[in-house]
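Survey of secondary and tertiary structure
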Amino acid sequence: MAATATLPGAPTSRLGKAATEFDDRMIVAGPVRRTLNKVFPDHWSFLLGEIALYCFVILLLSGTYLTFFFDATLTEVVYEGSYDPLRGTEMSAAYASTLDLSFDVRGGLFMRQLHHWAALLFVASIVVHLLRIFFTGAFRRPRENNWLIGVVMLVLALLMGVTGYTLPDDLLSGTGLRIISAILLSIPVIGTWLHFAIFNGDFVGTEIIGRFYIAHVLIFPAILLALIAVHLLVLVKQKHTQFAGPGRTEHNVVGNRLFPTFAAKATGLLFIVFGVCAALAGLAQINPVWLWGPYNPAQVSTFSQPDWYILFLDGSTRIFPAWDVNLPGDYTIPALFWPTVVVAGAMFTVLALYPMIERKLTGDTASHHLLQRPRDVPVRTSLGAMALTFYLVLAISGSNDVLADKFDLSLNAMIWVGRIGVIVLPAIAYVVTYRICLGLQQHDREVLEHGIETGVIRRLPNGEFIEVHQPLGPVDEHGHGQLAYGGAPVPKRMNQVGGSRRAIRGFFSPVEEPSAVELEQRGEGRGLSAADSDRQLTSSGRPSEGGRPSDGGRPQDPRD
């Protein structure tokens, strides 16, 4: 029987044949090839979202470990663990299991702290990622949906943080739970019903820790996981945004393929994030619940602050006046409703709807794949600075008791500083940011017109001193540059255009020898010796003094 001929290009190894058989049935080679060839722009800011993704992975792994030992019930027990100061104390099983995790479970304290640090970094990376998207206009059409998904993910991350913060049932978290109860009760009409539905009765009840536990380990992570998958699928379907630059248009993406370059970078970043979180967990103490003791409604200590991402709500509550609204029928809306529900609801509603608001006001309905520099959109940038200032004033006000104690200030004065600051400072931030944006725009256009400042000072025949500028491109008969601003960074130093040796590496002190760098660049054909630099420089803005490019770029008969 004659052997079957092998088709050209067909795999001959056993592994190749097995892969071919698998692809014949699943048809995955084409999609996998397209995915691996997907191009990602090469810019550090695009890695911020990945930090959030890796923190989420750490949270899932460390959280899974903690669930093996945590008892999410409020059953009263007597602590008999190895922490002497609390031995024999009555407390909830949730708090007792947290103490056991900290002192008696091998690696428990490390995993607790790893979970907490990763949670803080998770929220922080989401916030910074959203800020990058906001200030660069990456939310514009067709990416409004991904912006909404990001805002929902931020809200879920906050809810995960709040529910996780409450679980240990120590004095600090119990105080926070008491505040949550008061906020729910302050909501008009449905507040009481909502409180009873969540707490299964009065505060604190016996069910709330178990319910928060299910929400924290199951419901919120499942929704977040689904949203992350949708977020990434939309990202793959819509090509990645990129900053403007040479060769970059609205219809291409310049960067590295997913495999191998981008995958190698992402893997390196993954290990860095894991390493940073592990180092923090091992070296920096966080939330030492054994110091606070079990929750007691009769005890509230000073210096009780939530994690940083909820601090703004604490601040808004502290500085808002005690304005109860009395309605007909002897119905009162408590003052707590305004700074917590209304302020927070308004902030996240505006945040979610901002792409639609900007599109409505500007009339810009086109699709955009090139990002904008914040200076080129001064109104949006100023609004962002205003919102950040508003948030920071509230967050600082959330620690006004600590500031008043440490700096020996009046707490009442701190409250009034917060009240005035939350109104005045955002407006100041808007004006200052707007002026800075205009100034940066003007500086870019000056460089395009007059060239880069070289630091070379020349004296003209009439005795005047001028600084020699290096044009970035062709100039007109008056010596003015003809390049148009295209939304990309404009080089401001000679070494950014290869006209001078590059900067010596080193953050605090040089780590390279200047002579070695000069030799290296001479070998590469880059950089200019003093004589070369003098030959290529041209003066600008002084054509009458012989500074035209046609005159060789040098004033006639310069005098040093």
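You'll find the structure just up there.
Cut-offs used in this document
- Residues numbered from 1 in each chain as written.
- Predicted model: local features only at pLDDT ≥ 70, side-chain atom pairs only at ≥ 80, totals over all residues.
- Heavy atoms only, no water.
- Axes fitted to C-alpha atoms, helices over the stretch in contact; angles between N-to-C directions.
- Helix = DSSP H or I, 4+ residues; strand = E, 2+ residues; numbered from the N terminus.
- Parallel < 35°, antiparallel > 145°, perpendicular 65-115°, else oblique.
- Contact = heavy atoms within 4.5 Å.
- Nonpolar A, V, L, I, M, F, W, Y, C, P; charged D, E, K, R; others polar.
- Phe/Tyr/Trp six-rings, centres within 6.5 Å; stacked < 30°, edge-to-face > 60°.
- Buried < 20%, exposed > 50% of the residue type's maximum accessible area, 1.4 Å probe, protein only.
- Lys NZ or Arg CZ within 6 Å of the ring centre and 35° of its normal.
- Expected span 1.5 Å × (residues − 1).
- Bend = angle between axes of the 7 residues up to and from the residue.
- Polar contact = N/O pair within 3.5 Å; in protein donor to acceptor, adjacent residues only side chain to side chain.

Between helix 6 (residues 144-166) and helix 13 (residues 337-362), the shortest axis-to-axis distance is 9 Å and the interhelical angle comes to 170 degrees. One finds that helix 6 runs roughly antiparallel with respect to helix 13. Every residue of helix 13 that contacts helix 6 at Glu 144, Trp 147, Leu 148, Val 151, Leu 154, Val 155 and Leu 158 is listed here: Phe 348, Leu 351, Ala 352, Pro 355, Met 356 and Arg 359. Residue composition of the contact of helix 6 with helix 13, grouped by class: 11 nonpolar, no polar and two charged.

With that settled, the discussion passes to the packing of aromatic side chains. This model, assessed by the stated rule, comprises 19 aromatic pairs. Where Phe 103 meets Trp 290, the ring centres are 5.0 Å apart and the plane angle is 65 degrees; that geometry is what we call edge-to-face. You can see Phe 103 sitting in helix 4 (residues 93-103) and its partner Trp 290 sitting in helix 11 (residues 289-292), a full 187 residues away along the chain. With a centroid separation of 5.5 Å and 55 degrees between ring planes, the pair formed by Phe 139 and Trp 147 is classed as tilted. With a relative accessible area of 1%, Phe 139 lands in the buried category. A relative accessible area of 3% places Trp 147 in the buried class. These aromatic residues form a ring-pair network of at least three members: Phe 134, Phe 135, Phe 139, Trp 147 and Tyr 354. Looking at Arg 419, its charged tip hangs above the ring of Trp 416, at a distance of 4.8 Å from the centre. Directly above the aromatic system of Tyr 485 lies the positively charged group of Arg 445, at a separation of 4.6 Å from the ring centroid.

Taking 1.5 Å per residue as the helical rise, helix 16 (residues 411-450) with its 40 residues ought to reach 58 Å, and the 54 Å between its terminal C-alpha atoms agrees with that figure. At Gly 421, helix 16 shows its maximal bend, which comes to roughly 40 degrees. With a side-chain oxygen positioned 3.3 Å from the backbone nitrogen of Asn 412, the residue opening helix 16 is Ser 410. Where helix 16 ends, the next residue or the one after it, Gly 451, has phi of about 95 degrees, a positive value.

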